[in-house]
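Coordinates in review
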Amino acid sequence: MTWLLLWAPFAEFAFMRRALVATLALALSAAPLGVFLTLRRMSLLGDALSHAILPGVAVGFMLFGLSLSAMVTGGVLAGMVVAAIAGFISRATTLKEDASLAAIYLVALALGVTLISSHGTQLDLLHILFGSALGVDTAGLLLVAGVSSVSLLVLAAGYRGMVLESFDPGFLSASSRRSAGGIAPWIWQQGFLMLVVLNLVAGFQTLGTLMAVGLMMLPAVSSKLWHDTLPAQLANASAQALLAGYAGLLLSYHFDTPSGPTIIGCAGGLYFASLLVAPGGWLPRLAARPHTAA
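Residues numbered from 1 in each chain as written. Predicted model: local features only at pLDDT ≥ 70, side-chain atom pairs only at ≥ 80, totals over all residues. Heavy atoms only, no water.

Below, the discussion takes up unusual backbone geometry. With the exception of glycine, most residues fall at negative phi, and the peptide bonds are largely trans. A positive phi angle, close to 55°, is found at R41, a residue other than glycine. Mapped onto the elements, R41 comes out in the loop between α3 (14-39) and α4 (43-52). (Helix = DSSP H or I, 4+ residues; strand = E, 2+ residues; numbered from the N terminus.)

If you want it as structure tokens, here you go:
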């Protein structure tokens, strides 16, 4: 009976297996990126970029229909353009980058929804905004697997530089000036943003442009409640994202609910559980308070 509940859907249906592989692959690469975003105090950047890719996806949809390659290309270009415009505004005006990015992504979201609504049906709009993990085809699976593999390889190869850029960009800048082969901090930052955009674009088919950031940020925020060290946070965030992906697909199958929101709902459930019982959560701190006072 337990086997029927926990594994039978994946054993019986190929679309469930494809959805599981795509979701787990995305979880492995997106959650560590979310941890680095929290380290940089850029937690809302992922949300902004997930909205910013929508006009590019919409243009790809208008020109080529539901073509995965066209929408992915448009999404990547739109995300990078929005990030570049926000950086330019912050350098040319008194606005900070987060403020300019917030303004631009709202305009981009409105533009994307308008474009899709005017050139497609309500079903097309819902598919792009919220995705469908159960509708992942072979091309979508290869895209997610490729982006996940590249992201993990780049994170492994550039781990030291990304840590330095997150904790002490001044030291990294000085080191790059002293070393002829050093990489400038802005290259680390732009490369990191490219990884974030790629993962958000890869996730839009399975989770949608509005939901993809959830698998990136919720496990990352939860992991900070459990661990103080970066490697432990990376491992914990990945584990929570994997669990949320598996549980969300299983629940969406048994209760006939949308897969993307159900997956993010499971990640949210793990977050609220962490708020209560994690070492940095409410209950352990409440239990330790009398001892501290004594």
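Continuing now.
The interhelical angle for the contact between α3 and helix α14 (residues 230-255), taken along N-to-C directions, is 145°, at an axis separation of 8 Å. As α3 runs across α14, the sense of the crossing is right-handed. Of the residues in α14, those touching α3 at M16, A19, L20, T23, L24, A27, L28, A31, P32, V35, F36 and L39 are L230, Q233, L234, A237, S238, A241, L242, G245, Y246, L249 and Y253. Along the lines of polarity and charge, the residues of the contact of α3 with α14 split into 19 nonpolar, 4 polar and no charged. (Axes fitted to C-alpha atoms, helices over the stretch in contact; angles between N-to-C directions. Left-handed = near helix turned anticlockwise from the far one by under 90°. Contact = heavy atoms within 4.5 Å. Nonpolar A, V, L, I, M, F, W, Y, C, P; charged D, E, K, R; others polar.)

Closest axis-to-axis distance for the helix α9 (residues 138-157)/helix α12 (residues 185-207) pair is 9 Å, and the angle between their directions is 155°. Judged by the inter-axis angle, α9 sits roughly antiparallel to α12. In this structure, the crossing between α9 and α12 has a hand that is left-handed. Two secondary-structure elements touch here, α9 through G140, L143, V144, V147, S151, V154 and L155 and α12 through L195, L198, N199, A202 and Q205. (Parallel < 35°, antiparallel > 145°, perpendicular 65-115°, else oblique.)

Counting residues in each nonpolar core, the largest one holds 75 residues, and the members touching the most others are F36, L37, L49, L200, L207, L215 and M216. The leading source of residues in this core is α3, at 14 residues. With residues near it in sequence (within four places) discarded, L215 still touches T23, L26, A27, A30, A31, L207, A241, I263 and I264. (Core = buried A, V, L, I, M, F, W, Y, C linked by side-chain atoms within 4.5 Å. Buried < 20%, exposed > 50% of the residue type's maximum accessible area, 1.4 Å probe, protein only.)

Right, let's get into the pattern of salt bridges. Under the counting rule described, the total for this entry stands at 1 salt bridge. Among the ionic pairs, E165 bridges to R40, the shortest N-O distance being 2.5 Å. With E165 in helix α10 (residues 159-167) and R40 in the loop between α3 and α4, the pair connects residues that are 125 residues apart, well separated along the chain. Per residue, the accessibility class of E165 equals that of R40, and both read buried. (Salt bridge = Lys/Arg side-chain N within 4 Å of Asp/Glu carboxyl O.)

Here we take up the packing of aromatic side chains. The final tally for this structure, using the stated rule, is 7 aromatic pairs. Between F36 and F192, the aromatic rings sit 6.3 Å apart at their centres with planes inclined by 70°, giving edge-to-face as the arrangement. Residue F36 is located in helix α3, and its partner F192 is located in helix α12; the two are separated by 156 residues in the primary sequence. The burial state of F36 is the same as that of F192; both residues are buried. (Phe/Tyr/Trp six-rings, centres within 6.5 Å; stacked < 30°, edge-to-face > 60°.)

Next up on the list: the side chain of N199. Looking at the secondary structure, you find N199 in helix α12. Side-chain polar atoms of N199 contact the side chain of S151, separated by 2.9 Å. Setting aside its immediate chain neighbours within four residues, N199 contacts L26, S29, A30, L33, V147, S151 and M216. (Polar contact = N/O pair within 3.5 Å; in protein donor to acceptor, adjacent residues only side chain to side chain.)

None of the figures reported here should be taken as evidence of function without further support.
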